[in-house]
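In case you want the letters, here they are:
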Protein chains: 2
Amino acid sequence: MKLEILTKNEHKELHNVIIANIRDLINNKNLEPGDKLPSERMLSEKFEVSRSNVREAIQKLEFYGILKSKPQSGTFVADIGQVAMNGMMDDILGLEDPDFKSLVETRILLELKTVRLAAKRRTDEDLKSMESALEAFKEKVLNNEDAVQEDLLFHLAIAQACGNSTINRMMLIITPEIINNFEKYHVCDKNQSKRRLKEHQDIFEAIKEQNTQKAKQMMKDHFVELYKYCYNL
Amino acid sequence: MKLEILTKNEHKELHNVIIANIRDLINNKNLEPGDKLPSERMLSEKFEVSRSNVREAIQKLEFYGILKSKPQSGTFVADIGQVAMNGMMDDILGLEDPDFKSLVETRILLELKTVRLAAKRRTDEDLKSMESALEAFKEKVLNNEDAVQEDLLFHLAIAQACGNSTINRMMLIITPEIINNFEKYHVCDKNQSKRRLKEHQDIFEAIKEQNTQKAKQMMKDHFVELYKYCYNL
DNA sequence: TGAAACAAATTGGTTAACCAGATTGGTTTA
DNA sequence: TAAACCAATCTGGTTAACCAATTTGTTTCA
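Small disclaimer: the values here were computed from a predicted structure and weren't measured.

Caption draft 1: Up close: the layout of surface pockets. Taken as a whole, the second largest pocket encloses approximately 780 Å³ of empty space. As for the second largest pocket, its lining consists of 28 residues, and the residues nearest its centre are A:L109, A:R116, B:L109, B:R116 and B:K216. Within the residue set of the lining of the second largest pocket, elements represented by two or more residues are α5 (100-121) and α10 (212-231) of chain A together with α5 (100-121) and α10 (212-231) of chain B. Per element, the largest residue contribution to the lining of the second largest pocket is eight residues, and it comes from α5(B). Its residues assigned to classes, the lining of the second largest pocket shows 16 nonpolar, one polar and 11 charged.

Here it is in structure tokens:
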């Protein structure tokens, strides 16, 4: 067996090959939901890759809920049915890296929801953490410092207050990618930071008053420029 | 070093401990964005866990974009800033498993968007794959068979047609969990399947005609019962 | 005859040794 | 003096050997 060090992309490509192999194997062995996959050792031999590569590919499929491995027992096909499994495998294999436009579009969608839910469901504790995030942002802005991080942390605080763990998780997934792209494209205009602060304060007030309509509108106003920026790409 | 086999939950808990340790280490060593983390060997020794556990925790943080490891070089703190890093670490540590209500709420949010975008952006190729998914669903329904998988695959086909890779990825993430809960709670009523088929056909027609308003409305109608179900939990 | 008990083989998880590329510090050379 | 070179060291990635829980097939005994 040959030994090579792979780059990240080759690595990802290898995972996809293994995933495709697993899919085909499930199909022509006609494995039903709940059936046991061949052992990691057998797979690594059959596919001519290392066992750790097989394990990583299986972990990825576990993340998407397609497989489930039990210690000292085996790896099992999840109870989602063969058709769904095939469809999802193909989707996963076809996944492309997120572009900036899709990230911003998704962020706006999520945040217009989180802000409404937060206005409806926020606890006093949520208010406190949002307020402290807002204060941190304010201090940076008034000192004329860069405040991209504090900006996004305020938004994450809103996401936490929205009482929906799934949306919160998704906000966490996209936030670092958003930050990276912000820095890459220099989206944030420092001259506008005072205005951004005002908008944040308005959003916070609306959530505090539990005024869902106003909260959503304030967030929309807040995103106007980002929205324009996104669709000019 | 003691050897134990951990359950999935203990495993997750161990990851969280390691993540918290890494966070603290970054903080009191005052590592800046772009700085190099101590090597995996050092970390595993310092935290008194195995190196593979450290690697898994690092992989998780890489998934969220907080760390970045380079082969033969080291693991680096991402360029998202110390404040954002701390905030995100805490959020990740506080993540709870998704409840059914949050899943459904998120799904509805995402799908009301995907259907509009799909109506606007669908290519002829998209139409073909949606149509074949619809056909598969139709056949099952007319034969009075269970069609949960085909149902969701039609929705995934719409997500693929929406031209937003981030939203598409999120649909993929929640779909298996949705399927599992559908089966657990027996949400799908077979008596309603004929009606579901009609609704799917309406949605497909609206997307075909590129009528975004109608597409959204049809999807809303499609979700009426699911929505009610979700809020009665 | 059937079930209970035991032993061997199989499993995913864990550990440790190993690999080759990257880094680093000191030495040499122009 | 500084740039170029080289070897020792350090790194994440890879491999292989090992562990204990589980499963499975056989034997044994009531």
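Caption draft 2: Examining the interface of chain B and chain A more closely. With 59 residues of chain B at the interface, the matching set in chain A holds 59 residues. Ionic pairing is found between A:R121 and B:E105, a salt bridge with its closest N-O pair at 2.6 Å. Where chain B touches chain A, the interface holds 18 residue pairs in polar contact (both at pLDDT 80 or more). Only α3 (51-63), α4 (82-93), α5, α7 (148-161) and α8 (165-185) of chain B provide two or more residues apiece to the side of chain B that touches chain A. Looking at the side of chain B that touches chain A element by element, the count peaks at 15 residues for α8(B). Counted by class, the side of chain B that touches chain A contains 26 nonpolar, 17 polar and 16 charged residues.

Caption draft 3: How the structure looks around the packing of aromatic side chains. Within the structure shown, the criterion is met by three aromatic pairs over all chains. Note on A:F63 and A:Y64: the rings are 5.2 Å apart at their centroids and 80 degrees apart in plane angle, and the pair reads as edge-to-face. The exposure class assigned to A:F63 is partly exposed, which follows from its relative accessible area of 36%. Accessibility expressed as a relative area gives 6% for A:Y64, which makes it buried. Centre to centre, the rings of A:F63 and B:F63 are 5.0 Å apart; their planes meet at 65 degrees, and the pair counts as edge-to-face. Here the residue A:F63 occupies a position in helix α3 (residues 51-63), and B:F63 occupies one in helix α3, the pair thus bridging two chains. Grouping aromatic residues by their ring pairs yields a cluster made of A:F63, A:Y64, B:F63 and B:Y64.

Caption draft 4: A look at the nonpolar core. Among the nonpolar cores identified, the biggest contains 148 residues, and A:I22, A:I66, A:M130, B:I22, B:I66, B:M130 and B:I158 are the most heavily contacted of them. The residues touching A:I66, leaving out its near neighbours within four places in the chain, are A:L61, A:F76, A:V77, A:A78, A:I80, A:M85, A:M88, A:M89 and A:I92.

Caption draft 5: Quick peek at the domain arrangement of chain A. Domain annotation of chain A identifies domain 1 (8-94) and domain 2 (100-231). The centre of domain 1 of chain A, based on its C-alpha atoms, is set 38 Å off from the matching centre of domain 2 of chain A.

About the criteria used
- Residues numbered from 1 in each chain as written.
- Chains lettered and ligands numbered in written order.
- Predicted model: local features only at pLDDT ≥ 70, side-chain atom pairs only at ≥ 80, totals over all residues.
- Heavy atoms only, no water.
- 1 Å grid on protein atoms, 1.4 Å probe; cavity = no way out; pocket = protein on both sides within 12 Å on 5 of 7 lines; lining within 4 Å.
- Points joined across faces, edges and corners; volume = space filled by probe spheres on them.
- Helix = DSSP H or I, 4+ residues; strand = E, 2+ residues; numbered from the N terminus.
- Nonpolar A, V, L, I, M, F, W, Y, C, P; charged D, E, K, R; others polar.
- Contact = heavy atoms within 4.5 Å.
- Salt bridge = Lys/Arg side-chain N within 4 Å of Asp/Glu carboxyl O.
- Polar contact = N/O pair within 3.5 Å; in protein donor to acceptor, adjacent residues only side chain to side chain.
- Phe/Tyr/Trp six-rings, centres within 6.5 Å; stacked < 30°, edge-to-face > 60°.
- Buried < 20%, exposed > 50% of the residue type's maximum accessible area, 1.4 Å probe, protein only.
- Core = buried A, V, L, I, M, F, W, Y, C linked by side-chain atoms within 4.5 Å.
- Domains from an automatic or database assignment.

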